[in-house]
Amino acid sequence: MTNKQAGMGENGNIADTAKALRKRAEVQVRSNEYLDLGELPPGEARAMQQMLHELRVHQAELEMQNEELRQAETELEAARAKYFDFYNLAPVGYFTISEGGVVLEANLTSANKLGTDRTLLVNQPFTRWITAADQDVYYLFSKGVFETGKPQKCEVRMAGDGGALLWAHLRGMAALDAGNGASACYIVMSDITERKAAEEKLKAAMTEAEAATALKDKFVSLMAHDLSSPIGHNILALKDLRARLRDGKSPFADDPIWNLVIASNENMLHTIRDLLDFGRIKLGAISPRLAFTDAHHLVQYAIDMEAGAAAHKQITVLNGVPPRTRLYCDIKLTGEVLVNLLSNAIKFSNKGDVVSFGSKEGEPSAFFIKDTGAGIAANRLASLFKFDKAKSTEGTAGERGTGLGLPFSDELMKAQGGSLRIESAPGQGTTVTIAFPHVAPKVLVVEDSTMDVELARLLLKGIGIGAIGAADGEEGLRLMEMELPHLVLLDINLPGIDGIEVLRRKRDNPKIARIPVIVTTVNVDPEVTELALRLGAADFMKKPLEAEYLAVRVRKIVS
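Residues numbered from 1 in each chain as written. Predicted model: local features only at pLDDT ≥ 70, side-chain atom pairs only at ≥ 80, totals over all residues. Heavy atoms only, no water.

Enquirer: Describe in detail the confidence of the model for the chain, supporting the description with residues and values.
Expert: Model confidence for the chain is summarised by a mean pLDDT of 81, while 78% of its residues fall at 70 or above. The model gives residues 1–8 a pLDDT under 50, and that stretch makes one contact with residues more than four places away or in other chains. (pLDDT = per-residue confidence, 0-100. Contact = heavy atoms within 4.5 Å.)

Here's what the structure looks like:
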């Protein structure tokens, strides 16, 4: 619609309103109109009659308009009253702030919250009521409103004239001040003092609970440590006493009570050691040392450790994890997890059953252990990893346990960023998936020869390992901190600082000190070799690099 059309439409509405008013006035006048003009000539009488009619109609229109104005005024007063209720008595504070930060308007609620008179708020800097500690917070809030034009929010502490402190949640949006068209900010202020107080109480309670938990864990750890040694001595003493009785041909030596007492003490010792290990995890005494290893070898270690228990129950254990299945984990902690899981599998399997390890399809850093034993009821699966639930269950041959093995193994996996997943059903055996975050090995090649860097890259790519290059020692140290590679191939003869100085600085930097280094050089000088090894080098290689020897040495470190 054009402006002309819009104007015609508006004029048309006004004309229609005027016609309607005229019609109403005429109806009113005609109903009361009576005038005797019989003495005047007919022509004058008609003119006079018409003029008087027009005057009366006009008077009626004015009276109707006056009535409408009175009604409009009444409605306006009612609207003003509602505005007073909605604006001034709202449960939140309202402010209009100029771009210069001055309060242009404020409602009664905001004045009451700040303990001042509303008239004393106007024409004052809004920051006057914001505490010094939160001035920067408000500055960024206000800047965001006026510069971006988008709604902003923040939480600040505000101090009233009476000294009372309140926490306020501010929501602001940009607008044009109706008074002069200048930019302004409309702010809604919500009092969140009670919420903040509740948060502080909750935070304090959480801190207190954490401190109590840490104290409890420390107590458990200390008690477990103090009890472990005497119980171990008791077991040795009981076995020694039984042996002496046997040497003395005493029939008491073969009494079944000996096996019961010794087994009970050994079970208690296992429980205490599990509690000790758990306490060490909670107190941060166990810090995972992550490195690349071969999952096949780790599984074989667990199988060898539990070979006696498996043979005793005539259970076959199969290692189906392919050689050179790379894992990035703590080798010692993962070994404990696998021994624990295999021990459980044997414990709940029957004579002649099979326990097998295998790779998890679609998960390159995960594998599983599966048994064909008794299985676990669905209602027990959810509590298997909880320390606060009693889960010790006799094995198929009456074996006893502490019930702490699975929770402890779960904690060890979490400490390494991994996880355990259990699938089981009664009579259908159990499958436990051992999953680690997938990490691809990354090697840093510190070498001033571009050709040697590319050769190393090509050789490493052949064994599935990525590489990045650094042209000198300074860049090499910088990339070690930025990229945290899993292995460094370091040339001794470098421009600027040489390889020996790189090793020295690396050793003195805790962030990169544990990254393994293989030193490469054209001439293997025994004195240089000895110094490099003292400074932390893991191995030496003579240049030019050969694929076969490089693969062997690199795999020793990144599997």
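Once the structure has been displayed, the description carries forward.
Enquirer: Which residues make up the sheet that holds strand S14 (residues 466–470), and what values do they have?
Expert: Sheet architecture is open: five strands sit in the order S14-S13-S15-S16-S17, paired in parallel fashion. Across the chains shown, the open sheet's two edge strands, defined by having one partner strand only, are S14 and strand S17 (539–542). Each strand of the sheet is rotated relative to its neighbour by a mean of 20°, with strand direction disregarded. When strand S13 (residues 442–446) meets strand S15 (residues 487–491), the two strands line up parallel, connected through four bridges. Counted as the bridge partner of Leu444 is Val488 from S15. Lying over the sheet, helix H15 (residues 499–507) contacts S15 and strand S16 (517–521), oriented at roughly 145° with respect to S15. (Pairing = 2+ DSSP bridges. Helix = DSSP H or I, 4+ residues; strand = E, 2+ residues; numbered from the N terminus. Axes fitted to C-alpha atoms, helices over the stretch in contact; angles between N-to-C directions.)

Enquirer: Tell me what's going on with the sheet that holds strand S3 (residues 152–159), and back it up with residues and numbers.
Expert: Judged by pairing direction, the sheet is antiparallel, and its five strands sit side by side in the order S2-S1-S5-S4-S3 without closing on themselves. Taken across any chain shown, the strands that pair with only one partner, and hence form the sheet edges, are strand S2 (103–106) and S3. On average, each strand axis in the sheet is tilted by 30° relative to the strand beside it, whichever way the strands run. Pairing analysis gives six bridges linking strand S1 (residues 93–98) to strand S5 (residues 183–191), with the strands arranged antiparallel.

Enquirer: If you had to explain the packing of aromatic side chains to someone new, which residues and values would you point to?
Expert: Given two aromatic rings, one states the distance between the centres and the angle between the planes to describe the pair. Inspection of the entire model under this criterion finds four aromatic pairs. Between Phe126 and Tyr138 the ring centres are 5.3 Å apart and the planes differ by 50°, which places this aromatic pair in the tilted class. Residue Phe126 is located in the loop between helix H4 (118–121) and helix H5 (135–148), and its partner Tyr138 is located in helix H5; the two are separated by 12 residues in the primary sequence. The pair Phe126 / Tyr138 is uniform in exposure class, with both members buried. Ring centres of Phe292 and Tyr328 lie 4.6 Å apart, and the angle between their planes is 45°; this geometry places the pair in the tilted category. (Phe/Tyr/Trp six-rings, centres within 6.5 Å; stacked < 30°, edge-to-face > 60°. Buried < 20%, exposed > 50% of the residue type's maximum accessible area, 1.4 Å probe, protein only.)

Enquirer: A description of empty space enclosed by the protein should follow, citing residues and the corresponding values.
Expert: Applying the stated criterion across every chain, the model contains one cavity of 30 Å³ or more. In this model, the largest cavity occupies a volume close to 90 Å³. If you go around the largest cavity, the residues you meet are Val445, Glu447, Asp452, Leu455, Ala456, Leu489, Thr520, Lys543, Pro544 and Leu545. (1 Å grid on protein atoms, 1.4 Å probe; cavity = no way out; pocket = protein on both sides within 12 Å on 5 of 7 lines; lining within 4 Å. Points joined across faces, edges and corners; volume = space filled by probe spheres on them.)

Enquirer: Which residues make up the nonpolar core, and what values do they have?
Expert: Of all hydrophobic cores here, the largest spans 34 residues; its most connected members are Leu338, Leu341, Leu342, Phe357, Phe367, Ile369 and Ile434. It is helix H10 (residues 331–347) that contributes the most residues to this core, eight residues altogether. Discounting residues that sit within four places of it in the chain, Ile434 has contacts with Leu338, Leu341, Ser365, Ala366, Phe367, Phe368, Ile369, Met413, Ser419 and Leu420. (Core = buried A, V, L, I, M, F, W, Y, C linked by side-chain atoms within 4.5 Å.)

Enquirer: Residues and numbers for the environment of Leu327, please.
Expert: Within the element layout of this structure, Leu327 appears in strand S8 (residues 326–329). It is 5.4 Å that separates the C-alpha atoms of Leu327 and Thr293, two residues lying 34 residues apart in sequence. The contact partners of Leu327, leaving out residues within four places of it in the chain, are Ala291, Phe292, Thr293, Ala295, Leu298, Ser365, Phe367 and Phe436.

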